[in-house]
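# Remarks on the overall topology
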Amino acid sequence: MATINFHANTTSTPEQFVAAVTDFGPGRSELFPRSADGYLKVHSQGASEADVTEGSGGIWERLHYDWSDPGRIVMTTTDSNAWGRNSGHTYTFTRLPDGTTDVDAVVVREGKNVKGRLLEIVVGTIGKGTLEKAFKSTVKAIEARNEPEAAEEVGDAS
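For the structure given in this document, a descriptive report is provided here. (Residues numbered from 1 in each chain as written. Predicted model: local features only at pLDDT ≥ 70, side-chain atom pairs only at ≥ 80, totals over all residues. Heavy atoms only, no water.)

The biggest cluster of nonpolar side chains holds 32 residues, and the ones touching the most others in it are F17, V21, Y65, I73, Y91 and F135. If we skip the residues at most four places from it in the chain, V21 touches R28, F32, Y65, I73, M75 and I142. (Core = buried A, V, L, I, M, F, W, Y, C linked by side-chain atoms within 4.5 Å. Buried < 20%, exposed > 50% of the residue type's maximum accessible area, 1.4 Å probe, protein only. Contact = heavy atoms within 4.5 Å.)

Structure below.
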């Protein structure tokens, strides 16, 4: 099983980050490069959880999203054509005194078949850099998504 940890500091609030991660509308691939719109299917969605299938490049997974804890989002793999049930993603948010947010992400990949086991090896070794680049791209995209909101707040303060 491959476990990969990422960390970033962002100007986005935990609420803004949660809102972006749990926005399952069109254009999701602008925030998450590995989530192509053609794979996206929302099976159910409530106030703090969702059942969603997403993926790209021939790899898909069905995830149970849980954001009932405002400082954390847990995405557990419930089905996939490559990943086993111990796979998933967890984002943990820490609001800092300077108004920024620390984001810690943990990605767990357990291959459930030959394809998945080969991908697990790649992800756990040479693929870490690609996943980290995608994570940082997501953080920047979420910040950009919230820039107009921040500009409005500055304008309101004048």
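Back to the write-up after that little detour.
This part takes up helix α3 (residues 114-124). Within α3 the residues assigned to the buried category are G116, E120 and V123. Projection of α3 onto a plane perpendicular to its axis shows the buried side chains occupying an angular sector of 70°, all on one side. Opposite the buried face of α3, by more than 90 degrees, sit the exposed residues V114, L118 and I121. Between the side-chain oxygen of the N-cap and the backbone nitrogen of K115 there are 3.3 Å, and the N-cap of α3 in question is N113. (Helix = DSSP H or I, 4+ residues; strand = E, 2+ residues; numbered from the N terminus. Arc of directions from axis to C-beta. Polar contact = N/O pair within 3.5 Å; in protein donor to acceptor, adjacent residues only side chain to side chain.)

A cluster of nonpolar side chains, V114, L118 and I121, forms an exposed patch at the surface whose accessible area comes to about 310 Å². Following the sequence through the fold, L118 ends up in helix α3. Judged by its relative accessible area of 52%, L118 falls in the exposed class. (Patch = residues over 30% accessible without salt bridge, like charges linked within 9 Å, V, L, I, M, F, W, Y side chains within 5 Å. Areas by Shrake-Rupley, 256 points an atom, 1.4 Å probe, with all protein chains shown as cover. Salt bridge = Lys/Arg side-chain N within 4 Å of Asp/Glu carboxyl O.)

Below, the discussion takes up the pattern of salt bridges. As enumerated under the stated definition, the model contains seven salt bridges in all. E54 is paired through a salt bridge with R28; the nearest N and O atoms lie 2.9 Å apart. Residue E54 is found in strand β3 (residues 49-56), and its partner R28 is found in helix α2 (residues 28-31); the two are separated by 26 residues along the sequence. Pair check on accessibility: E54 and R28 agree, each one buried.

So far we have only geometry, and geometry alone does not tell us how the molecule works.
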